[in-house]
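The chain contents come next:
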Amino acid sequence: MSFESLGLHNALVSAVTKAGFTEPTPVQAQAIPLALEGKDLIVSAQTGSGKTAAFMLPAMHKLAQAEANQGNNVGVLVLTPTRELALQVADAVKSFGANMRGLRVAVVVGGMPYGAQLRALSRRVDVLVATPGRLIDHLNAKRVKLHEVHTLVLDEADRMLDMGFIEDIESIVSKTPSHRQTLLFSATFEKSVQRLAANMMRDPVTIAVSGQKAKHENITQNLLYADNPGHKGQLLEHVLRDEARDQAIIFTATKRGADQLSDDLRDKGFKSGALHGDMNQRQRNRVLELLQRGRIDVLVATDVAARGIDVKGITHAINFDLPMQAEDYTHRIGRTGRAGRDGLAFTFALHNERHMVRRIERFMGRDIPIVEIEGLEPTERPRPSRPSRNSNSRRPHRGANGAGAGQGERSRHSRGRRGAGDGSVFEQAPTFGAVEGRGGRPAGNGRGRPNSSRPHGAKGPRHSSGSGAPRRRSGGRDGASARS
């Protein structure tokens, strides 16, 4: 199947082909023909599945066929939960519309100056990408008109509901025409999403591509238990010194935790940066630009970055803190293994967080294999349970290059001993994989990675056996929502 066979306008097909896309993904192949027929759609699709093109190409097909709107009206309205995702969607629109003359795209999000937004809204807008809060501000000030919107898109609707945007969304939708086409994309089919759809859609067609429980078959998942936060910090440093790592994204539960962990990593020689909701848009853009350019290779983020960031160089996704919502686990680890690449995901858990791990495993329908690092084993073993057919507890996990994920650790990482806490996140993390330099610090190459000196007897992560083998759990419900 080709994009041309879907019935899209030639200008879009040529732009998509030039961008390097040869054939539609499953979600695109199913959603685009129905959207071209004018049907309302409810689509369950994971980040990275090609969903942006699935809703933007049919919406832009209408724009390519119709005459330009008059005045300062909006043709296509896309609502997203975060600024990062809004900017990503806008970039995709510009790429898809490269051959559409006079295409006007505007982005209205919080944390950015009003001046540019006011100028963009003072004239015709073919595609408006917005976060609900800032769009409400402009609507209240009568700076934008939505009465000619022919296509309304709600991207990651479940996330917008989790963030408390339900009233803003309802207010925005009430200002659009009743005969519009509505395309709702969500990672889950929760009751709140179903209620939202029932109130704003007409006989919608439901499409479930990969389902909400994405398997992430190209991502090797690993679970490491820690005795305390200091132990967890030592495990993190060990994983980050994996020679197979290119870029890593680390998730924390709080904004303060993200800043503190990023500072501690910089002190240890890593090129790290933080990303969270307390940062203004200029600060966020700068961090993301540094990540894209490779100026930083470790991004510490709250869940604000779990969706909408697409950096192909991220080889390691690390849950330093467990997510409160089980489905957020899949979005977090989905930051690696992008564009068909393989990826590695590491999840750290304290012993009193076993119930949260089980919740994630029940949601996923599979166990996360437990691994240990020699010299950094937890003092307490996870309680045994029924063996899982999907777990692979005795087989070494494999990294992006096909070799064992612990290969770098086996050749570079030495045993460590957990010491007393010093008030930092790491609490006297031991030296891994390098001959100690003066002052007890690792002898490195200035880039946050140790030299190639190999300590005698160093070994890497290993999968637990015996009582620590991962097991299959029964189904359950995910937990309460968390905000960054």
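Computed from a predicted structure; not experimentally measured.

### Here's the deal with the overall build of the protein
Phase 1: Regarding its fold elements, the protein presents 15 helices and 15 strands.
Phase 2: Split into buried and exposed, the 484 residues of the protein put 55% on the buried side.
Phase 3: Restricting to contacts in the protein with at least 6 residues of sequence separation, those with at least 24 account for 77%.
Phase 4: When the accessible surface of the protein is split by element, carbon and sulfur atoms take 45% of a total near 20500 Å².

### Let's talk about helix α13 (residues 326–333)
Phase 1: Burial of α13 is extensive: eight of the eight residues sit out of reach of the surface.
Phase 2: Along α13, the positions that sit buried rather than exposed are Ala 326, Glu 327, Asp 328, Tyr 329, Thr 330, His 331, Arg 332 and Ile 333.
Phase 3: Buried residues in α13 make contact with α7 (157–162), β8 (219–226), β9 (247–251), β12 (314–319), β13 (343–350) and α14 (354–364).

### Concerning the sheet that holds strand β3 (residues 105–108)
Phase 1: The strand order across the open sheet formed by seven strands is β3-β4-β2-β5-β6-β1-β7, and the pairing between neighbours is parallel. Because the sheet does not close on itself, it has two edges, and the strands there are β3 and β7 (205–208). The average undirected angle you get between the axes of adjacent strands in this sheet is 15°.
Phase 2: The pairing of strand β2 (residues 74–79) with strand β4 (residues 125–130) spans five bridges and is classified as parallel. For Leu 77, the partnering residue across the bridge sits in β4 and is Leu 128.
Phase 3: Packing of helix α9 (residues 191–200) onto the sheet brings it into contact with β1 (41–44), β5 (151–154) and β6 (181–186), and relative to β6 it is tilted by some 175°.

### Focus: the packing of aromatic side chains
Phase 1: A complete count under the given rule lists two aromatic pairs for this structure.
Phase 2: On the numbers, 6.4 Å between centres and 85° between planes, the contact of Phe 320 with Phe 348 is edge-to-face. A residue pair is termed long-range when its members are at least 10 positions apart, and Phe 320 in the loop between β12 and α13 and Phe 348 in strand β13 qualify at 28 residues.
Phase 3: We classify Phe 348 as buried; its relative accessible area is 0%.
Phase 4: In this structure, Lys 232 packs its charged tip against the face of Phe 320, placed 4.7 Å from the ring centre.

### Some remarks on the pairing of β12
Phase 1: Among the six residues in β12, six count as buried, and that is most of the element.
Phase 2: By the bridge criterion, five bridges tie β9 to β12 in an arrangement that is parallel. Paired with Ile 249 across the two strands is Ala 317, which belongs to β12.
Phase 3: Sheet topology note: the β12/β13 ladder contains four bridges and is parallel. From the neighbouring strand, His 316 faces β13, where its bridge partner is Leu 344.

### Concerning the nonpolar core
In summary, soluble globular proteins display a tendency toward joint burial of nonpolar side chains.
Phase 1: Counting residues in each nonpolar core, the largest one holds 39 residues, and the members touching the most others are Leu 8, Phe 55, Met 56, Leu 57, Val 78, Val 89 and Phe 96.
Phase 2: It is helix α3 (residues 51–65) that provides the largest number of residues to this core, a total of eight residues.
Phase 3: Not counting the four nearest positions on each side in its chain, Val 89 is found in contact with Thr 52, Phe 55, Met 56, Val 78, Thr 80, Val 129 and Asp 155.

### A closer look at the sheet that holds β8
Phase 1: With parallel pairing, six strands are arranged side by side in an open sheet as β8-β13-β12-β9-β11-β10. Of all the strands in the sheet, the pair left with one neighbour each is β8 and β10 (272–275). Taken over all neighbouring pairs, the strand axes of this sheet differ in orientation by 20° on average, direction set aside.
Phase 2: Strand contacts of α14: β8 and β13, with the helix running at about 160° to β8, the strand carrying the most contacts.

### Quick notes on the pattern of salt bridges
Side chains that carry opposite charge are capable of pairing whenever their charged atoms lie near each other.
Phase 1: Under the counting rule described, the total for this entry stands at 13 salt bridges.
Phase 2: In this structure, Asp 303 and Arg 332 form a salt bridge, with 2.8 Å as the shortest nitrogen-oxygen distance. Taken together, the residues span a long stretch of sequence, with Asp 303 in the loop between β11 (298–301) and β12 and Arg 332 in helix α13 at a distance of 29 residues.
Phase 3: Assessed through its relative accessible area of 1%, Arg 332 is described here as buried.
Phase 4: Salt bridges sharing partners connect three or more residues here, namely Lys 51, Asp 155 and Glu 156.

### Things to note about the environment of Thr 131
Phase 1: Position of Thr 131 among the secondary structure elements: in the loop between β4 and α6 (132–140).
Phase 2: Residue classification places Thr 131 among the buried positions, given a relative accessible area of 7%.
Phase 3: Separated by 47 residues in sequence, Thr 131 and Glu 84 have C-alpha atoms that sit 10.0 Å apart.
Phase 4: Contacts of Thr 131, omitting those with residues within four sequence positions, involve Thr 80, Pro 81, Thr 82, Arg 83, Val 108, Val 109 and Gly 110.

The rules behind each value
- Residues numbered from 1 in each chain as written.
- Predicted model: local features only at pLDDT ≥ 70, side-chain atom pairs only at ≥ 80, totals over all residues.
- Heavy atoms only, no water.
- Helix = DSSP H or I, 4+ residues; strand = E, 2+ residues; numbered from the N terminus.
- Buried < 20%, exposed > 50% of the residue type's maximum accessible area, 1.4 Å probe, protein only.
- Contact = heavy atoms within 4.5 Å.
- Areas by Shrake-Rupley, 256 points an atom, 1.4 Å probe, with all protein chains shown as cover.
- Pairing = 2+ DSSP bridges.
- Axes fitted to C-alpha atoms, helices over the stretch in contact; angles between N-to-C directions.
- Phe/Tyr/Trp six-rings, centres within 6.5 Å; stacked < 30°, edge-to-face > 60°.
- Lys NZ or Arg CZ within 6 Å of the ring centre and 35° of its normal.
- Core = buried A, V, L, I, M, F, W, Y, C linked by side-chain atoms within 4.5 Å.
- Salt bridge = Lys/Arg side-chain N within 4 Å of Asp/Glu carboxyl O.

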